[in-house]
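# Chain and residue survey
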Amino acid sequence: MYGKSPTRAVLLLLGFQLTALWPTAAVEIYTSRVLEAVNGTDVRLKCTFSSFVPVGDALTVTWNFRPQDGGAEQFVFYYHVDPFKPMSGRFKDRVVWDGNPERYDVSIILWKLQFDDNGTYTCQVKNPPDVDGLVGEIRLSVVHTVRFSEIHFLALAIGSACALMVIIVIVVVLFRHFRKKRWAERAHKVVEIKPKEEERLNQEKKVSVYLEDTD
């Protein structure tokens, strides 16, 4: 066969060599993996990726959901050039596109969380020829109230310390202000008392002189 078509044989050989030299194309996907949100609120399911090739019109994004209590996998969202929302099911009118492929962001927002939204959300990205790679996962827990993490406690402690420092500074400034004001009032009273005292002494002196003259 190669004797009849040497050009084709050369092209096939060259193709095999390029395939061997070309690095394996695989999309890398990044998610928060674990997420906690309050029932009735909205949550952003963040998913970003990296790829060996530029993002083009061939990019596809598929979001699915696996319930925590088991059951079949459910469709959540699909993106290919334009976003495609689910037309039925639990996520109808509850999910919107919040990604930016040019920034390698394929996130979505889920509205009005319910307790049966507990489960694992998967984010699959294909950017041909990068079509392989692991699927990103986010395990969502819908709760009554969000538990405080160590970061929240640290932020609360720092915020409380800053607030306390501000209060102390305000108290010191006000104390100095009122003390200066009190000293100023006292000085003003002393200034007012001196002329009155001098006037009283002058009156007493005049009376004394008058009494001496009458004697």
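Relevant structure appears above.
Residues numbered from 1 in each chain as written. Predicted model: local features only at pLDDT ≥ 70, side-chain atom pairs only at ≥ 80, totals over all residues. Heavy atoms only, no water.

## A few points about the overall build of the chain
Secondary structure summary: the chain contains two helices and eleven strands in total. Counting from the amino terminus, helix and strand elements in the chain follow one another as α-β-β-β-β-β-β-β-β-β-β-β-α. Across the 215 residues that make up the chain, the buried fraction comes to 23%. The long-range share in the chain, meaning contacts at least 24 apart out of those at least 6 apart in sequence, stands at 57%. Just so you have it, the chain exposes about 16,000 Å², and 61% of that area is on carbon and sulfur atoms. (Helix = DSSP H or I, 4+ residues; strand = E, 2+ residues; numbered from the N terminus. Buried < 20%, exposed > 50% of the residue type's maximum accessible area, 1.4 Å probe, protein only. Contact = heavy atoms within 4.5 Å. Areas by Shrake-Rupley, 256 points an atom, 1.4 Å probe, with all protein chains shown as cover.)

## A short note on a positive patch on the surface
Taken together, Arg176, Arg179, Lys180, Arg182 and Arg186 make up a surface patch of like positive charges. In this fold, Arg186 is placed in helix α2 (residues 150–214). (Patch = residues over 30% accessible without salt bridge, like charges linked within 9 Å, V, L, I, M, F, W, Y side chains within 5 Å. Salt bridge = Lys/Arg side-chain N within 4 Å of Asp/Glu carboxyl O. Lys, Arg positive; Asp, Glu negative; His and termini not counted. Charge placed at Lys NZ, Arg CZ, Asp CG, Glu CD.)

## A closer look at the pattern of salt bridges
This model, assessed by the stated rule, comprises seven salt bridges. Between Arg66 and Glu73 there is a salt bridge, with its nearest N and O atoms 3.9 Å apart. By relative accessible area, Glu73 is classed as partly exposed at 47%. A cluster of three or more residues bridged by salt bridges with shared partners is formed by Arg90, Arg94, Asp116 and Asp117.

## A few points about unusual backbone geometry
Across the junction of Pro128 and Pro129, the peptide omega takes the value 10°, indicating a cis bond. Among the structural elements, Pro129 can be located in the loop between β10 (119–126) and β11 (136–143). Despite not being glycine, Arg33 has its phi angle at roughly 70°, a positive value. Relative to the elements of secondary structure, Arg33 occurs in strand β2 (residues 33–38). Under the relative-accessibility criterion, Arg33 is labelled exposed at 56%. Even without a glycine there, the phi angle at Lys112 is positive, about 45°. The topology assignment puts Lys112 in the loop between β9 (108–110) and β10. Exposure remark for Lys112: the relative accessible area of 59% places this residue in the exposed category.

## Some remarks on the packing of aromatic side chains
Counted under the stated rule, the structure contains seven aromatic pairs. Consider the rings of Phe65 and Phe91, whose centres lie 5.5 Å apart with planes at 80°: the pair is edge-to-face. Of the two residues, Phe65 is situated in strand β5 (residues 60–67) and Phe91 in the loop between β7 (82–84) and β8 (95–97); the sequence distance between them amounts to 26 residues. Under the relative-accessibility criterion, Phe91 is labelled buried at 1%. Between Tyr78 and Phe84, the ring centres sit 6.1 Å apart and the planes meet at 40°, which makes this aromatic pair tilted. (Phe/Tyr/Trp six-rings, centres within 6.5 Å; stacked < 30°, edge-to-face > 60°.)

In short, geometric facts, not functional conclusions.
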